[in-house]
Amino acid sequence: MIPYPVQDTSAVHPPTRKGPSCFQGTSGGGVLLLQQQVLAMEQCACVERELEKVLHRFVTYGHQSEERLDELLRNVCELRSQLVTFGVQDTDLSVLSQTMAQCCKEIKETVQMLASRHKDIHGSVSKVGKAIDRNFDAEVSAVVAETVWDSSEKQRNLSETIVEHLYRQGMLSVAEDLCQESGVVIDMSMKQPFLELNRILEALRMQDLRPALEWAVTNRQRLLDLNSSLEFKLHRLYFISLLNGGVENQLEALHYARHFQPFAAQHQRDIQVLMGSLVYLRNGIENSPYRSLLETNQWAEICNIFTRDACALLGLSVESPLSVSFASGCMALPVLMNIKQVIEQRQCSGVWTHKDELPIEIDLGKKCWYHSVFACPILRQQTSESNPPMKLICGHVISRDALNKLTNAGKLKCPYCPMEQNPSDAKQIYF
Ligand SMILES: [Zn+2]
């Protein structure tokens, strides 16, 4: 199933006009989605309530059993001390045996009581399972094309994608096991970049900048070609970590500042701030106007920047393809099942053929916008090379065919604002 391209058109034409969709015109697509969301939330809440009951019983059970066990332990200890002193003091043997029998009885009763309560909890746990079955539709075959995983090639593709995902996550041994079990052969050249990225990221998370710096210096030119400021940011962070050490590091920090030299033109302002902070080193940067340099979120930020730029340089996507597919599947599935139901109710099967289209839009945020397409808001057609999107001087965008149709006596009136203009002033735009 090839995802329907996400429309990146909200900025250029009114958001109420959506791109072509099988369901354009059928009433209340948005309402449908909203109802679906409300329903899903209710379903989650229902399961959550059952879960809370189980958790509550677990906690109560824990407290109760601890109390009872403590009590028993106290009794046993007491009994032991009585046994130790037996013979030394004048304790009656029959009294002692009675106490022992009583203690054994209590232990037995407690064990029975705890076991039966434990059984009760099992009942609550199985209720959670039932609540899940009741609230969530496990039958998704209606919206899944049966032939998706038919061929061995597709199976292999799936295995490879999972293996790649595991490498990305640094779960090397799991990936190796999967390779062995599925018979997938992964080329070392595919594995290597992930291993290296993981090693460097691991170090960055431990606030060790050296592996990342070595990598950035080695790849300096290629990073600069990508317009990446990764190397500068790594040096900057190293400099800040020196500032953190206080006045003892002053000389080292000054020496280290020579690393900023190649970046002087591009990051002049940042470098000025860093050098200016040295003045306050004696009194502590944390008490100076430069205290923002010490913000701790910079470490998380540098991990993100490193991942983004290193992936770009290695030609890898920043997000794991498997995660993105999974997330879009989670969003699409409930809506698709609802649509399927609507199709069946209205007896218009054949509208959606399962082929290579997804009759809904999936929004996973800006970083997951792929293959942007533009649908002309006037002609309601997807633009193409022969009919490209054209930006009018007022900023509105329509297709060239629409522009030609709307042109009257060498003048064009924008259908949206409506500014009068010369059609030849319109510029073709590229996504
Ligand atoms: Zn306009």
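Structural data are supplied above this passage.
Below or above, wherever it landed, is the structure these notes cover. (Residues numbered from 1 in each chain as written. Predicted model: local features only at pLDDT ≥ 70, side-chain atom pairs only at ≥ 80, totals over all residues. Heavy atoms only, no water.)

Details of the overall build of the protein
Phase 1: Secondary structure assignment for the protein yields 13 helices and five strands.
Phase 2: Residue burial in the protein is summarised as follows: out of 431 residues, 31% are buried.
Phase 3: Carbon together with sulfur atoms contributes 54% to the accessible area of the protein, which is approximately 27800 Å² in total. (Helix = DSSP H or I, 4+ residues; strand = E, 2+ residues; numbered from the N terminus. Buried < 20%, exposed > 50% of the residue type's maximum accessible area, 1.4 Å probe, protein only. Areas by Shrake-Rupley, 256 points an atom, 1.4 Å probe, with all protein chains shown as cover.)

Overview of the coordination of the zinc ion
Phase 1: Ligation of the zinc ion by protein atoms is provided by C394 (SG), H396 (ND1), C414 (SG) and C417 (SG), these donors lying 2.2 Å from the ion.
Phase 2: Note that the zinc ion binds four donor atoms; their angles at the metal cover 104 to 121 degrees, and the shape is tetrahedral.
Phase 3: Each donor residue of the zinc ion belongs to the same chain, and together they define the spacing C-x1-H-x17-C-x2-C.
Phase 4: For C394, a relative accessible area of 23% corresponds to the partly exposed category.
Phase 5: The exposure class assigned to H396 is partly exposed, which follows from its relative accessible area of 21%. (Donors = N, O, S within 2.8 Å, 3.2 Å for Na, K, Ca; no water. Tetrahedral: all angles 85-135°; square planar, octahedral: opposite > 155°, others 65-115°.)

Section: the sheet that holds strand β1 (residues 389-391)
Phase 1: Reading across from one edge, β2-β1-β5 is the order of the three strands in this open sheet, with antiparallel pairing throughout. The open sheet terminates on both sides in strands that have one partner only, identified here as β2 (397-399) and β5 (427-428).
Phase 2: Relative to β5, β1 runs antiparallel, the two being bridged by two bridges. When the bridges of β5 are listed, K391 appears paired with K427. (Pairing = 2+ DSSP bridges.)

Here's the deal with empty space enclosed by the protein
Phase 1: Using the criterion set out here, one finds two cavities of 30 Å³ or more in the structure.
Phase 2: In this structure, the second largest cavity spans a volume of roughly 40 Å³.
Phase 3: Taken together, R220, L223, L224, S228, S229, L230, E231, F232 and F263 form the lining of the second largest cavity.
Phase 4: Broken down by secondary-structure element, the contributors of at least two residues to the lining of the second largest cavity are α7 (220-225) and α8 (230-244).
Phase 5: Split into classes, the residues belonging to the lining of the second largest cavity amount to five nonpolar, two polar and two charged. (1 Å grid on protein atoms, 1.4 Å probe; cavity = no way out; pocket = protein on both sides within 12 Å on 5 of 7 lines; lining within 4 Å. Points joined across faces, edges and corners; volume = space filled by probe spheres on them. Nonpolar A, V, L, I, M, F, W, Y, C, P; charged D, E, K, R; others polar.)

Brief notes about unusual backbone geometry
Phase 1: Here C417 and P418 are connected by a cis peptide whose omega angle stands at -15 degrees.
Phase 2: Along the chain, the position of P418 falls in the loop between β3 (412-413) and β4 (420-421).
Phase 3: Of note in this structure, Q207 is not a glycine but carries a positive phi near 65 degrees.
Phase 4: Relative to the assigned elements, Q207 resides in the loop between α5 (188-205) and α6 (210-218).
Phase 5: The class for Q207 is partly exposed, based on a relative accessible area of 49%.
Phase 6: Residues other than glycine seldom take positive phi values, yet A409 does so here, at roughly 50 degrees.
Phase 7: You can see A409 is positioned in the loop between α13 (400-406) and β3.
Phase 8: Residue A409 is classed as exposed on the basis of its relative accessible area of 77%.

Quick word on α8
Phase 1: Its 15 residues place the ends of α8 21 Å apart at the C-alpha level, agreeing with the 21 Å of an ideal helix rising 1.5 Å per residue.
Phase 2: With 11 of its 15 residues buried, α8 lies for the most part within the structure.
Phase 3: Every buried residue of α8 is accounted for by L230, E231, F232, L234, H235, R236, L237, F239, I240, L242 and L243.
Phase 4: Residues of α8 that are buried in the fold lie against α5, α6, α7, α9 (250-256), α10 (268-277) and α11 (298-314).
Phase 5: Downstream of α8 by a residue or two, G246 has a phi angle that is positive, lying close to 85 degrees. (Expected span 1.5 Å × (residues − 1). Contact = heavy atoms within 4.5 Å.)

Considering a negative patch on the surface
Phase 1: On the surface, E66, E67, D70 and E71 cluster together to form a negatively charged patch.
Phase 2: Locating E71 in the fold gives a position in helix α1 (residues 29-84).
Phase 3: Relative accessible area serves as the criterion here: at 36%, E71 is assigned to the partly exposed category. (Patch = residues over 30% accessible without salt bridge, like charges linked within 9 Å, V, L, I, M, F, W, Y side chains within 5 Å. Salt bridge = Lys/Arg side-chain N within 4 Å of Asp/Glu carboxyl O. Lys, Arg positive; Asp, Glu negative; His and termini not counted. Charge placed at Lys NZ, Arg CZ, Asp CG, Glu CD.)

Quick look at the packing of α8 against α11
Phase 1: As a packed pair, α8 and α11 sit with axes 10 Å apart at the nearest point and diverge in direction by 155 degrees. Between α8 and α11, the crossing angle belongs to the class labelled roughly antiparallel. Crossing of α8 against α11: the hand is left-handed. Contacts from L230, K233, L234, R236, L237 and I240 in α8 reach Q298, W299, I302, I305, F306 and D309 in α11.
Phase 2: When the residues that make up the contact of α8 with α11 are grouped by side-chain class, the tally is eight nonpolar, one polar and three charged. (Axes fitted to C-alpha atoms, helices over the stretch in contact; angles between N-to-C directions. Parallel < 35°, antiparallel > 145°, perpendicular 65-115°, else oblique. Left-handed = near helix turned anticlockwise from the far one by under 90°.)

Description of the side chain of S320
Phase 1: One can find S320 in the loop between α11 and α12 (321-345).
Phase 2: Overall, the relative accessible area of 7% leaves S320 in the buried class.
Phase 3: Apart from residues no more than four positions distant in its own chain, S320 is found in contact with H165 and R168.

Overview of the nonpolar core
Phase 1: Counting 37 residues, the largest nonpolar core has L204, W215, L234, F239 and F306 as the members making the most contacts within it.
Phase 2: Of all elements in the fold, only α5, α6, α8, α9, α10 and α11 reach the threshold of two or more residues within this core.
Phase 3: Not counting chain neighbours up to four residues away, the residues in contact with W215 comprise E196, I200, L223, L230, F306, A310 and L313. (Core = buried A, V, L, I, M, F, W, Y, C linked by side-chain atoms within 4.5 Å.)

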